[in-house]
Amino acid sequence: MPGSRPSLVLMGVSAAGKTVVGRQAAAAAGIPFLDADDLHPRANVEKMARGIPLDDADRAPWLDAVGGELRAAAPCIMACSALTRRYRARLRELAPGTLFALLDVPRAVLEQRLATRRGHFMPASLLDSQLTALEPAGQGERIVRLDGVQSIASLAAQVAALVAEAPDAPDAPGVPVG
Ligand SMILES: Nc1ncnc2c1ncn2[C@@H]1O[C@H](COP(=O)(O)OP(=O)(O)O)[C@@H](O)[C@H]1O
Ligand SMILES: O=C(O)[C@H](O)[C@@H](O)[C@H](O)[C@H](O)COP(=O)(O)O
């Protein structure tokens, strides 16, 4: 949709706070919140629950689904790990203009959060693989870094402000204008 406001991917490793911050930010901004965890094929969830990290092939169909939703539901806030430059490039390809904000959290804090989080398929043992896979912004790639140990309310306000201040998204390649 030409001229529409872009979606924002709230990214980071497991337990960075994507879900709790994203949900609150979306409520403040008055836009939908989506969780990329809900878009994983069942096989991916089962693999992670068995303590096996996903690989590029596992993530490919999932990223396509996430990108499709980013565009269809724009503007929305999507909690999504988006760990590598290539994954983020794919999301931008499918949903041009998408904003990215990283919740940056020290390992010790992540470990603490994972130790107390209940009812989630993601085992704490996968934290190492997530931290290894996470790639910093590439050249020319814009990712807003947020210090993820701040309060949930403060982080949510910052994320909501990013969405409110965002310029309109460009048209997707191949989509007719007018
Ligand atoms: N900024 C924060 N301050 C305190 N606790 C937090 C913060 N962000 C997340 N948490 C807690 O850490 C845990 C993981 O958060 P969650 O949103 O599920 O992370 P993610 O979606 O990135 O895996 C939850 O128990 C959540 O309440
Ligand atoms: O790319 C991946 O390896 C997965 O997306 C992975 O990141 C997983 O889905 C979440 O990390 C688990 O859910 P939480 O991020 O909510 O812990």
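The structure this text deals with has already been given above.
Residues numbered from 1 in each chain as written. Chains lettered and ligands numbered in written order. Predicted model: local features only at pLDDT ≥ 70, side-chain atom pairs only at ≥ 80, totals over all residues.

**Topic: the site of ligand 1**
Part 1 of the reasoning: Taken together, 15 residues surround ligand 1, and among them G17, K18, T19, V20 and R113 come closest.
Part 2 of the reasoning: For the shell around ligand 1, the secondary-structure elements that each account for two or more residues are α1 (18-29) and α7 (152-165).
Part 3 of the reasoning: Grouping the amino acids of the shell around ligand 1 by side-chain chemistry returns seven nonpolar, five polar and three charged. (Near = placed C-beta within 6 Å. Helix = DSSP H or I, 4+ residues; strand = E, 2+ residues; numbered from the N terminus. Nonpolar A, V, L, I, M, F, W, Y, C, P; charged D, E, K, R; others polar.)

**Some points on the nonpolar core**
Part 1 of the reasoning: In this structure, V9, L10, I77, M78, L91, A101 and V159 are the most contacted members of the largest nonpolar core, which totals 42 residues.
Part 2 of the reasoning: Elements supplying a minimum of two residues to this core: β1 (8-11), α1, α3 (56-72), β3 (77-79), α4 (85-94), β4 (99-104) and α7.
Part 3 of the reasoning: Leaving out residues up to four positions away in the same chain, M78 has contacts with S7, V9, L10, L34, A36, V66, E69 and L70. (Core = buried A, V, L, I, M, F, W, Y, C linked by C-beta atoms within 7 Å. Buried ≥ 20, exposed ≤ 12 C-beta atoms within 10 Å, placed from the backbone. Contact = placed C-beta atoms within 7 Å.)

**Focus: the pairing of β4**
Part 1 of the reasoning: Among the six residues that make up β4, five are buried, leaving the element largely enclosed by the rest of the structure.
Part 2 of the reasoning: Sheet topology places β1 next to β4; four bridges connect them, and they run parallel. Each residue of the ladder has a partner; that of L10, found in β4, is A101.
Part 3 of the reasoning: As paired elements, β4 and strand β5 (residues 144-147) share four bridges and run parallel to each other. Along β5, the bridge assignment pairs D104 with D147. (Pairing = 2+ DSSP bridges.)

**Here we look at the environment of T98**
Part 1 of the reasoning: Along the chain, T98 falls in the loop between α4 and β4.
Part 2 of the reasoning: For T98, a count of 24 C-beta atoms within 10 Å puts it in the buried group.
Part 3 of the reasoning: With 90 residues separating them along the chain, T98 and L8 place their C-alpha atoms 5.6 Å apart.
Part 4 of the reasoning: With near-sequence residues (within four places) excluded, T98 lies in contact with P6, S7, V9, L70, L91 and R92.

**Concerning the packing of α1 against α7**
Part 1 of the reasoning: Here α1 crosses α7 at 55°, and the two axes come no closer than 8 Å. When the interaxial angle is binned, α1 and α7 end up oblique. In the crossing of α1 with α7, the sense of the turn from one axis to the other is right-handed. Of the residues in α7, those in contact with V20, V21, Q24, A25, A28 and A29 of α1 are I152, A153, L155, A156, A157, V159, A160, V163 and A164. (Axes fitted to C-alpha atoms, helices over the stretch in contact; angles between N-to-C directions. Parallel < 35°, antiparallel > 145°, perpendicular 65-115°, else oblique. Left-handed = near helix turned anticlockwise from the far one by under 90°.)

**Quick notes on the pairing of β1**
Consecutive side chains of a regular strand alternate in pointing toward one face of the sheet and then the other.
Part 1 of the reasoning: The alternating pattern of β1 places L8 and L10 and V9 and M11 on opposite faces, both of which are buried.
Part 2 of the reasoning: Here three bridges tie β1 to β3, and the two strands are oriented parallel to one another. Among the inter-strand pairings, V9 is bridged to a residue of β3, identified as M78.

**Side note on the sheet that holds β1**
Part 1 of the reasoning: The strand order β2-β3-β1-β4-β5 describes an open sheet built from five strands, whose pairing is parallel. Lying at the two open borders of the sheet, with one neighbouring strand each, are β2 (33-35) and β5. If you compare each strand with its neighbour and ignore which way they point, the axes differ by 25° on average.
Part 2 of the reasoning: α7 contacts β1, β3, β4 and β5 of the sheet and is inclined by roughly 150° relative to β1.

**Re the packing of α3 against α4**
The packing of two helices is summarised by the inter-axis angle and the distance between the axes.
Part 1 of the reasoning: In contact at an axis separation of 8 Å, α3 and α4 are set at 40° when each is read in the N-to-C sense. The orientation of α3 relative to α4 falls into the category oblique. In the packing of α3 onto α4, the handedness of the crossing is right-handed. Contact residues: R59, L63, D64, V66, G67, G68, L70 and R71 in α3; Y87, R90, L91 and L94 in α4.
Part 2 of the reasoning: Across the contact of α3 with α4, the residue classes break down as six nonpolar, two polar and four charged.

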